[in-house]
Amino acid sequence: MRKNIKNLILGGAQISSVKYGITNNSFIRKDELTKIINFAKKNKINFIDTAKSYENSERFIGDMDCKFNIITKLHKLNNQNISEKLIINSFEDSLKKLKKKRIYGLLIHGVKGLSKSNILKIVYILRKLKKTKKIKYIGVSIYDPKDIKIFWQNWKPDIIQVPYNIFDRRIQTSGWLAKLKKNKIKVHIRSIFLQGLLISPGIKYPNKLKKIKNLTNNWFFWCKNNGRDPFKECLKFSLLANVDKIIVGVYSLRQLEYLVKSFKSLDMKSSNFPLKKFYKIVDPRTWS
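Just so we're clear, the structure is a prediction, and the values are computed from it rather than from any experiment. (Residues numbered from 1 in each chain as written. Predicted model: local features only at pLDDT ≥ 70, side-chain atom pairs only at ≥ 80, totals over all residues. Heavy atoms only, no water.)

Engineer: Teacher, can you tell me more about the sheet that holds strand β8 (residues 245–248) here?
Structural biologist: What holds strands together in a sheet is hydrogen bonding between their backbones, with the strands either parallel or antiparallel. With respect to topology, eight strands assemble into a closed barrel ordered β1-β2-β3-β4-β5-β6-β7-β8, the strand pairing being parallel. The mean inter-strand angle of the sheet, taken between neighbouring strand axes irrespective of direction, is 25 degrees. (Pairing = 2+ DSSP bridges. Helix = DSSP H or I, 4+ residues; strand = E, 2+ residues; numbered from the N terminus. Axes fitted to C-alpha atoms, helices over the stretch in contact; angles between N-to-C directions.)

Engineer: Which parts of the structure should I look at to understand the nonpolar core?
Structural biologist: Soluble globular proteins tend to bury their nonpolar side chains together. Within the largest apolar cluster, 81 residues are counted, with the highest numbers of intra-cluster contacts made by Leu10, Ile122, Ile148, Leu180, Trp219 and Leu256. When residues of this core are assigned to their parent elements, the largest contribution, six residues, is made by helix α4 (residues 116–131). Ignoring anything within four residues of it in the chain, the contact list for Ile148 reads Ile142, Ile160, Ile171, Trp176 and Leu180. Ranked by size, the runner-up nonpolar core spans eight residues in total, among them Phe47, Ile71, Tyr104 and Ile159. (Core = buried A, V, L, I, M, F, W, Y, C linked by side-chain atoms within 4.5 Å. Buried < 20%, exposed > 50% of the residue type's maximum accessible area, 1.4 Å probe, protein only. Contact = heavy atoms within 4.5 Å.)

Engineer: Looking at this structure, how should I read the packing of helix α1 (residues 30–42) against helix α10 (residues 253–265)?
Structural biologist: For any two helices packed against each other, the geometry is given by the interaxial angle and the distance between the axes. Remark: α1 packs on α10, axes separated minimally by 9 Å, with the N-to-C direction vectors making an angle of 20 degrees. Comparing the axis directions of α1 and α10 gives the class roughly parallel. Viewed along their axes, α1 and α10 form a crossing whose handedness is right-handed. Contact with α1, carried on its side by Glu32, Lys35, Ile36, Phe39 and Ala40, involves Leu253, Arg254, Leu256, Glu257 and Val260 of α10 and no other residues of that element. Residues belonging to the contact of α1 with α10 are distributed by class as follows: six nonpolar, no polar and four charged. (Parallel < 35°, antiparallel > 145°, perpendicular 65-115°, else oblique. Left-handed = near helix turned anticlockwise from the far one by under 90°. Nonpolar A, V, L, I, M, F, W, Y, C, P; charged D, E, K, R; others polar.)

Engineer: Before we go on, may I ask you to explain the pattern of salt bridges in this structure?
Structural biologist: Opposite charge on two side chains permits them to pair, given that their charged atoms come into close proximity. Counting across every chain of the model gives 16 salt bridges. Between Asp158 and Lys130 there is a salt bridge, with the nearest N and O atoms lying 2.9 Å from each other. Within this pair, whereas Asp158 is found in the loop between α5 (148–151) and β6 (159–163), its partner Lys130 is found in helix α4, the two being separated by 28 residues in sequence. Residue class for Asp158 comes out buried when judged on its relative accessible area of 19%. Lys130 gets classed as partly exposed once you look at its relative accessible area, which sits at 29%. For Lys181, the salt bridge goes to Asp244, with nearest N and O atoms at 2.4 Å. In this pair, Lys181 is assigned in helix α7 (residues 176–182) and Asp244 in the loop between α9 (230–239) and β8, connecting sequence segments 63 residues apart. Since its relative accessible area comes to 22%, Lys181 is described here as partly exposed. Judged by its relative accessible area of 24%, Asp244 falls in the partly exposed class. By sharing partners, the salt bridges in this structure join Lys52, Glu58, Asp93 and Lys97 into a single network. (Salt bridge = Lys/Arg side-chain N within 4 Å of Asp/Glu carboxyl O.)

In structure tokens form, the structure reads like this:
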């Protein structure tokens, strides 16, 4: 990926009434959100990624009346709650809350537990919605590259959103990233800071994350010994991947200002990461 700030997407999980992430203990105030939105726009960050499950996020974004490209996700579906009426109503409700006539993208929010036939049923409905011109692209947000196998033979999404960071490189090491790019599928990566754990030395870990603490301690030790800024290294690592967009979440204007400043000052020469040392599948879904 070329270093272009237009390739950053503002994460909507943080723009909600739910405290998102292990390292976060607060909500974004409305006045702070206004500052974040204005600063993002000023610096040519023109995308926001959100979802139905990010409580009140769509409404908060709509209330900002911001001229952003919006990507949102359907309610998390299971084999018992799939119907064309439900999905269309859910989408129309999103448009209403976002105060948009059309959006950039609509994604299935995970496919784990869904049968192949039901995934294809959802895809059929999304394609119908796409024909209305209310959605530019359709796709899927996944947690594990293995999920792609479920629909690959029958559906090539416009967008696939997937986690990617220094610890979790499955989309790349599995060979799927190269295959997706070969098929001209847009790849958007999230969790590049692993909910803040890769950039927050010295935080107190809950008991359920004690094993991860050893991994992050090794990471911070490596950064310190090599004179590296963990924040910049995570950002650079994501930019070195062959992806289209990077989703980043912030909780304050100060954080976004630092993100933009760091992005612009990045030296994109190879970082010589000890990749084998840090390769570890870390799935935040197991933290709850």
